[in-house]
Amino acid sequence: MSSGRRRSRWVLGAYCTVVGLLMLLPVLIVVPVSFSSLRSLRFPPPGWSTKWYEKLFTSPEWQLAASTSVKVAVVVTVLATVLGTMAALGLAGSRGRWVAGARGLLIAPMIIPGVIIAVGIYYVFLRWRLTESYLGFVLAHTMLAIPIVVITVSASLQNFDQQLIKASQSLGAGPVTTFRSVTLPLILPGVLTGALFAFLTSFDESIVALFLSGPGIRTLPIQIFQSVTSALEPTIAAASTLLLVLTTVLMIVFAVITHFRTKADTRG
Amino acid sequence: MAEHGVGLTLAGLTKTYRSSVALDGIDLTVAPGEFMTLLGPSGSGKTTTLNLVAGFIEPDSGDIVMGGAPLVGVPPHKRDIGVVFQNYALFPHMKVDANVAFPLKQRGMSKADIAKSVTDMLAIVGLEGYGDRYPRELSGGQQQRVALARALVFNPKLLLLDEPLGALDKRLRETLQIEIKRIHRELGVTFVFVTHDQEEALAMSDRIAVFNQGRIEQVGPVDSLYESPQTLFVAKFLGDSNVVEGALSEEDGIRYLVDGSRRFVAPAGGDPGPLAAMVVRPERMRLIDPAASTVGATENCLSGRVSEVIYLGSRRRVVVDIGTRTFLVDGSASGIAPEAGSNVLLAWSPDDARLVPADPAAELAAQRSS
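No experiment lies behind these values; they were computed from the predicted model shown.

Undergrad: Could you give me a rundown of the overall build of chain B, with the residues and numbers involved?
TA: When you go through chain B residue by residue, the secondary structure sums to nine helices and 20 strands. Reported as C-alpha extents along the three principal axes, the dimensions of chain B are approximately 80 × 45 × 40 Å. In chain B, which comprises 370 residues, the share counted as buried stands at 41%. Within chain B, residue pairs in contact and separated by at least 24 positions form 67% of the contacts whose partners lie at least 6 positions apart.

Printed below as a string of structure tokens:
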């Protein structure tokens, strides 16, 4: 009995390792390739160098794309977090039939296929002359990022006792103070998680970006795409590696937040 | 220190939610420093009244005046009224001292003054040295003490308590009842206490306002409400009652209550109308052995059969079946108990009974809530 259990555990472990490698290896393969001395994408690389990183950091094209991506993502994070949190608070504080409908509408951008949204946005933004513009990217990505903030903040609000707001008011705190010193600290894990995913949503987004990009403005994913189609060289691998590092760091931050949140919950 | 409290007047308060009337014209005056309890079944409007006074909701019509100042339209954070909630509503991310300091911070007090007030207040509620803990590290009773301290530390003129002991077990509830009474006496703040527990109301209050279906049935001192209920609902909701319903008639200057073939001498006083109910408390009824006929000449009498004898420690409750309904008779636990199944006579003096209007609707409501 116990040897059978040990064997099934061993099989399960092996299976999980294989699945894990299948998922990770194609992603991780860009790391050694980015340090290749060769001008083509060959694995394993015949020699090592950091020249592709040098090229990445000195090429104006890559720098422009990276700074556009970061600028857009930062503004989107702020906008989507503020708007999404406000929407979640409004939904939590309201009763009535329209609440479910409003929630569905707010979450819709997450459910509708990306390419449909992209075509729609492209069509409208063309008329408004917002394609190939910084503002266009910010608007489109904010819309795509709001649902995730609404969801994470709503989840936090489910554990939030609305009586605390009454208590705070009765103790002399106005609406602003009540939000700042009672509501916000208690839903902060949800807000931070939402902000993190809002940033990633914008930073990773490629379908809408493909439609909105042009010679004058493009984000990092589009720059990678363009490079692959024109010149296949390890600069792409270097850029991918950097994206990988950034995403991993953000996910570690997220894991730390969640860890502290569950710890606080179990203590309560 | 009894000069802190302030009077409260509610006049014609009405509140309607969508289709249902939550409050239907409430008039109530609370004297400065008084301990007033709003008692009633759930949905009777007592909590709505409390929320209106606190400012969490606004009335459709009517006035709320506290210490001469109108409150309607004043936002809750500017009313200076302390509120204690059933689920404590302590801020979970703040330690006990930060919770108690919260209202003082809003009032811009200096750090040294805040620290002193918090320490003093925690001592009053019996929680010295607990300032450094988080609310989740405290028991339910301790959390409610913190909530009391927080609601009283800023010297409010009025303290509202919304079923503050509802979540605690019986023993703890009784301890805290005494604590709250003591704090009320020491601080002299006007207390408005909401509960559905009639024993709690009797134990704590100066006066009780009995709520039923959005109206106040009766307001009065604890003993007068118990001894002289004016409606059947009050008689049934506050303590146990035996009820005889019938038509009133008068013969030779004596009023009788006629219930079918039975006729009872009605107590003097009260003008309940032609259809009345006679209410007698269980402890005002006597059980008599039918063999020994010692029924007083002026006493009302009924024969019945003992269906159950319940020992309650301090007293003994006998349930007597008179055929159409059952009566409760409370007696001393030390005497000889009648046996279940034996025939007995029930007797009571008309002076120990009260006449109230017969009201089938009120009777139904009281039965549903108990």
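On we go from here.
Undergrad: For the overall build of chain A, give the residues involved together with the corresponding values.
TA: Scanning chain A for helices and strands turns up twelve helices and zero strands. Ordered by position from N to C terminus, the α and β elements of chain A give α-α-α-α-α-α-α-α-α-α-α-α. Dimensions of chain A, computed from C-alpha atoms along their principal axes, come out at roughly 70 × 70 × 30 Å. Sorting the 268 residues of chain A into buried and exposed places 33% on the buried side. Contacts in chain A between residues at least 24 apart in sequence constitute 73% of all its contacts with a sequence separation of at least 6.

Undergrad: Outline the domain arrangement of chain A, supporting the account with residue identities and numerical values.
TA: Residues and elements named next belong to chain A. Here chain A is partitioned into domain 1 (2–11 + 15–34) and domain 2 (55–267). Look at where the C-alpha atoms of domain 1 and domain 2 centre, and you get two points 31 Å apart. Listed as interface residues are five residues of domain 1 and, on the opposing side, six residues of domain 2. Looking at the side of domain 1 that touches domain 2, the element that brings in the most residues is helix H2 (residues 30–34), giving four residues. Residues of the side of domain 1 that touches domain 2, tallied by class, amount to four nonpolar, one polar and no charged.

Undergrad: Can you break down the environment of A:Gly172 residue by residue, with the values?
TA: Looking at the element boundaries, A:Gly172 is found in the loop between helix H8 (163–170) and helix H9 (175–204). The spatial distance from the C-alpha of A:Gly172 to the C-alpha of A:Ala118 is 48 Å, given a sequence separation of 54 residues. Setting aside anything within four residues of it in sequence, one finds A:Gly172 in contact with B:His77, B:Pro103, B:Gln106, B:Arg107 and B:Phe154.

Undergrad: For the sheet that holds strand E3 (residues 35–39) of chain B, give the residues involved together with the corresponding values.
TA: Residues and elements named next belong to chain B. Taken in spatial order, the six strands make up an open sheet running E6-E7-E8-E3-E9-E10, and their pairing is mixed. Two strands lie at the open edges of the sheet, namely strand E6 (81–84) and strand E10 (215–221), each paired on one side alone. Between one strand and the next, the sheet's axes are offset by a mean angle of 15°, whatever the strand orientation. One ladder, built from six bridges, connects strand E9 (residues 207–212) with E10; its direction is antiparallel. Counterpart to Val210 in the pairing with E10 is Gln218.

Undergrad: Tell me what's going on with the sheet that holds strand E12 (residues 254–259) of chain B, and back it up with residues and numbers.
TA: Where strands meet in a sheet, backbone hydrogen bonds hold them as pairs that are either parallel or antiparallel. All names here are of chain B. Across the sheet, five strands lie side by side as E13-E12-E11-E14-E20; this open sheet has antiparallel pairing. A single partner strand is all that each edge strand has here, and the edge strands are strand E13 (262–265) and strand E20 (353–357). Taking the axes of each pair of neighbouring strands and ignoring which way they run, one obtains an average angle of 40° across the sheet. Both E12 and E13 contribute to a ladder of four bridges, which runs antiparallel.

Undergrad: Requested: an account of the packing of helix H5 (residues 98–111) of chain A against helix H7 (residues 134–158) of chain A, with residues and values cited.
TA: All names here are of chain A. Closest axis-to-axis distance for the H5/H7 pair is 8 Å, and the angle between their directions is 120°. As judged from the angle between their axes, H5 and H7 are oblique. Along this stretch, H5 crosses H7, giving a crossing that reads as left-handed. Along the contact surface, H5 presents Leu106, Ile107, Pro109 and Met110, while H7 presents Met143, Leu144, Ile146, Pro147, Ile148, Val150 and Ile151. Across the contact of H5 with H7, the residue classes break down as eleven nonpolar, no polar and no charged.

Procedures and definitions
Residues numbered from 1 in each chain as written. Chains lettered and ligands numbered in written order. Predicted model: local features only at pLDDT ≥ 70, side-chain atom pairs only at ≥ 80, totals over all residues. Helix = DSSP H or I, 4+ residues; strand = E, 2+ residues; numbered from the N terminus. Buried ≥ 20, exposed ≤ 12 C-beta atoms within 10 Å, placed from the backbone. Contact = placed C-beta atoms within 7 Å. Domains from an automatic or database assignment. Nonpolar A, V, L, I, M, F, W, Y, C, P; charged D, E, K, R; others polar. Pairing = 2+ DSSP bridges. Axes fitted to C-alpha atoms, helices over the stretch in contact; angles between N-to-C directions. Parallel < 35°, antiparallel > 145°, perpendicular 65-115°, else oblique. Left-handed = near helix turned anticlockwise from the far one by under 90°.

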